[in-house]
Amino acid sequence: MSNKHVTLNFPDSNQSVELPIITGSMGPPTFDLKTLHKNSGYFTYDSGFAATAACRSAITFIDGGKGVLLYRGYPIEQLAQNSNFVETSYLLLNGELPTKDQYDSFDTEIRYHTMVHEKMKMLMSGFQYDAHPMAMMVGVVGSFAAFYHDWMDMSDPEHRRLAAVRLIAKMPTIAASVYKNSVGQPFVYPRNDLNFTERLLHMMYAVPSEPYEPNPVAAKALDLLFMLHADHEQNASTSTVRLVGSTGANPFACVSAGIASLWGPAHGGANEAVLNMLDEIGDVSNCDKYVAKAKDKSDKFRLMGFGHRVYKNFDPRATIIRKACHEVLNELGVNDPQLELAMKLEEIALKDPYFVEKKLYPNVDFYSGIIYKALGIPKQMFTVMFAIARTVGWVSQWLEQYETADTRIGRPRQVYTGPTTRDYKDFSDR
Ligand code: CMC
């Protein structure tokens, strides 16, 4: 920490408070408000955390103005080009790229933990066939704590590490089972000779009556999407995981809460919402009408897959996905009119003064749904795919928080706007 500070002067007294400036390794300077209330009686108000850092973290860095995303210092473009999801997971969890031996043993450990407790199948089969997959994910992942309670002493680093590995390894198994429940097919056990995304495809699409081999193009495309979604610093779901984790709750409860947060259409649910929106727009000739609706403040419609709290320039993940989208559809021989529609919408919005002035660019979810669709993944499963990938980010952030000495329970303040003190009245006086 530097010994620089900012001074806050208070208008209704001659009081002033000095607040130390914290500088990270990259990113804007930050002043530390921890002692503000104690020394001045004031709170600060920052709805939506627009300018408030809630933690220190060494995992992921975003420069929203420049469109930069780094995992542990490595640019997302380099990882997308050269790495894979398992290696990226190791990097996020451990801070460094693995040696070959470290990679092999991590990969083996993930493969080893892919099975889930048999009784989880009973839990899953209790859901209606048309249950939303994210609703099932919230419940089933939360229930992990009931199955692995013998490994829940989180003060033990090995228990923590194993919980993280279990979550990363079992998430695809749960996701595929959730899918099988919706189509009324039997659950398929993980085939550990396959790699991470091949195994997921196999569990989703294999049936007992026919042989199934996952398509390598589809597996590679999923792997890319998973790398791009693996972490994104203090987004809503990660902050949820951290807030729940700050109470000392177990990591399965934390990740279940993260899944619930991800489900919202302003966050991970946007990938499903983008395809629903493209369905609604229907044809290129309707793009202008829907762009006008998105700009109309009296209309609740927003252009889904556009805009971001942090990126005020192109979302670097969207740039990579846009390119991949064309390649994957070509390689799979899929001709999807929704891709043309999405491109037209993007073209119109990028020229429109409303979107230009507000710096609203396509985000990661704008094109990802079109790839998922080309892979045969139903819309309701899109956010589940996001959850599989983001699990590594959630557990990395949970571990980091657990292992940070100055972690305190998260407990925001408020500006109270309700009635002032008043006396209780009997029914007859109300
Ligand atoms: N369509 C039309 N107008 C928009 C949009 C949009 N997609 N996004 C933001 N705006 C306008 C908004 O109305 C506001 O206008 P004004 O200043 O006149 O009030 C201005 O742009 C700033 O928007 P904001 O809502 O204050 O920004 P935010 O940082 O609170 O919200 C967001 C960010 C991502 C929730 C928002 O842009 C949005 O709702 N986008 C659509 C949903 C979406 O694609 N979400 C995925 C985000 S990326 C992946 C992830 O996080 O999971």
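Read on for a plain summary of the structure. Residues take numbers from 1 onward in each chain, read along the sequence in its written order. Per-residue local features are limited, in this predicted model, to residues with pLDDT of at least 70; the limit for side-chain atom pairs, both in listing and counting, is 80 or more; totals at the level of whole chains, interfaces and linings are taken over all residues. Side-chain numbers here rest on the full set of heavy atoms in the structure, without hydrogens or water.

**Focus on the site of the ligand**
- Near the ligand lie 22 residues; those nearest to it are His 267, Leu 303, Gly 305, Arg 309 and Lys 358.
- Residue Arg 302 places a side-chain N or O atom 2.8 Å away from an oxygen atom belonging to the ligand.
- Between N or O atoms, a polar contact is any pair within 3.5 Å; within protein, one atom must be a potential hydrogen donor and the other a potential acceptor, and residues adjacent in sequence are included only when both atoms are from side chains. Within the backbone of Phe 306, a nitrogen or oxygen atom sits 2.9 Å from a nitrogen atom of the ligand.
- Computed by Shrake-Rupley with a 1.4 Å probe, the accessible areas treat only the displayed protein chains as cover when residues are assessed. Relative to its free-state accessible area of 930 Å², the ligand is covered by the protein chains to the extent of 74%.
- Charged means Asp, Glu, Lys or Arg here, nonpolar means Ala, Val, Leu, Ile, Met, Phe, Trp, Tyr, Cys or Pro, and polar covers whatever is left, Gly included. Across the shell around the ligand, the residue classes tally to 11 nonpolar, six polar and five charged. Throughout this document, a residue counts as near a molecule or strand when at least one of its heavy atoms sits within 4 Å of that molecule or strand.

**Here we look at the sheet that holds strand E3 (residues 30–31)**
- Strand order in the open sheet formed by three strands is E1-E2-E3, and the pairing between neighbours is antiparallel. In the strand order of this sheet, the two ends are held by strand E1 (5–9) and E3, each with one partner.
- Relative to E3, strand E2 (residues 16–22) runs antiparallel, the two sharing two bridges. Each bridged residue has a counterpart across the sheet, and for Ile 22 the counterpart in E3 is Thr 30. Whether two strands pair comes down to DSSP finding at least two bridges between them. Put simply, DSSP H or I for four residues or longer makes a helix, DSSP E for two residues or longer makes a strand, and each gets a number counted from the N terminus.

**Side note on the sheet that holds strand E5 (residues 68–71)**
- Taken in spatial order, the three strands line up as E4-E5-E6 in an open sheet, and their pairing is antiparallel. Looking at the sheet topology across the chains shown, the edges are occupied by strand E4 (60–63) and strand E6 (74–75).
- For E4 and E5, the ladder comprises four bridges, and the chain directions are antiparallel. Within E5, the position partnered with Thr 60 by the bridge is Tyr 71.

**Structural notes on the packing of aromatic side chains**
- Note on aromatic pairs: the rings of Phe, Tyr and Trp (six-membered ring only in Trp) are paired at centre separations within 6.5 Å, and the planes decide the class, stacked below 30 degrees, edge-to-face beyond 60, tilted for the rest. On inspection of all chains with the given rule, the structure shows 18 aromatic pairs.
- Pairing Tyr 90 with Phe 106 gives two aromatic rings, centres 5.5 Å apart and planes at 80 degrees, and the pair type is edge-to-face. In this pair, Tyr 90 is assigned in helix H3 (residues 85–94) and Phe 106 in helix H4 (residues 100–112), connecting sequence segments 16 residues apart. This pair shows no difference in class: Tyr 90 is buried, exactly as Phe 106 is.
- Taken together through their ring pairs, the aromatic side chains of Phe 306, Tyr 354, Phe 355, Phe 366 and Tyr 367 make up a single cluster. Each residue is assigned to one of three classes by its accessible area relative to the maximum for its type, calculated with a 1.4 Å probe on protein chains only: buried under 20%, partly exposed between the two thresholds, exposed over 50%.

**Examining the pattern of salt bridges**
- Salt bridge, as used here: a side-chain nitrogen of Lys or Arg that lies within 4 Å of a carboxyl oxygen of Asp or Glu. With the rule as written, the count across this model stands at 20 salt bridges.
- Of the charged contacts, one joins Arg 161 and Glu 158 as a salt bridge, the two residues approaching to 3.2 Å between their closest N and O atoms. Residue Arg 161 and its partner Glu 158 are both found in helix H7 (residues 157–183); the two are separated by three residues, about one turn of the helix.
- Exposure remark for Arg 161: the relative accessible area of 33% places this residue in the partly exposed category.

**So, the nonpolar core**
- Phe 226 and Met 385 are the most contacted members of the largest nonpolar core, which has 115 residues in total.
- Phe 226 has contacts with Phe 85, Phe 196, Thr 197, Leu 200, Tyr 372, Met 385, Ile 388 and Ala 389, leaving out every residue within four places of it along the chain. Definition used in this section: a nonpolar core is a set of buried Ala, Val, Leu, Ile, Met, Phe, Trp, Tyr and Cys residues joined via side-chain atoms within 4.5 Å. A contact between two residues is defined here by any heavy atoms of the two lying within 4.5 Å.

**Quick word on H3**
- Among the 10 residues of H3, eight are classified as buried, and the element is accordingly described as predominantly covered.
- Looking only at H3, the buried set comprises Phe 85, Val 86, Thr 88, Ser 89, Tyr 90, Leu 91, Leu 92 and Leu 93.
- Positive phi appears at Gly 95, one or two residues downstream of H3, with a value of about 95 degrees.

**Looking at helix H13 (residues 287–295)**
- Along H13, the positions that sit buried rather than exposed are Cys 287, Tyr 290, Val 291 and Ala 294. Take H13 and look down its axis: the buried residues cluster within an arc of 105 degrees, on one side only.
- Packed against the buried residues of H13 are helix H12 (270–281), helix H15 (337–351) and helix H16 (353–357). Each C-beta atom gives one direction from the helix axis, and the arc is the one those directions make.

**Some points on unusual backbone geometry**
- Phi at Phe 49 takes a positive value of approximately 55 degrees, unusual for a residue other than glycine.
- Along the chain, Phe 49 falls in the loop between helix H1 (36–40) and E4.
- Although it is not a glycine, Lys 359 adopts a positive phi angle of roughly 55 degrees.
- Mapped onto the secondary structure, Lys 359 falls in the loop between H16 and helix H17 (364–374).

**Digging into the packing of helix H10 (residues 236–245) against helix H11 (residues 251–262)**
- The geometry of H10 relative to H11 is characterised by a closest axis approach of 8 Å and an angle of 150 degrees between their N-to-C directions. As far as their axial angle goes, H11 and H10 are roughly antiparallel. Taken as a pair, H10 and H11 cross one another with a handedness that is right-handed. Contacts between H10 and H11 involve Ala 236, Ser 237, Thr 240, Val 241, Val 244 and Gly 245 from the former and Cys 254, Val 255, Ala 257, Gly 258, Ser 261 and Leu 262 from the latter.
- Residue classes in the contact of H10 with H11 are distributed as seven nonpolar, five polar and no charged. All axes here are fitted lines through C-alpha atoms, helices being fitted over the stretch that makes contact, and every angle between N-to-C directions spans 0 to 180 degrees. Should an angle fall under 35 degrees it is called roughly parallel, over 145 degrees roughly antiparallel, and 65 to 115 degrees roughly perpendicular, with every other angle called oblique. Rotating anticlockwise by less than a right angle from the far helix to the near helix defines a left-handed crossing, while the corresponding clockwise rotation defines a right-handed one.

Note that all results are geometric; they support no functional claim without further evidence.
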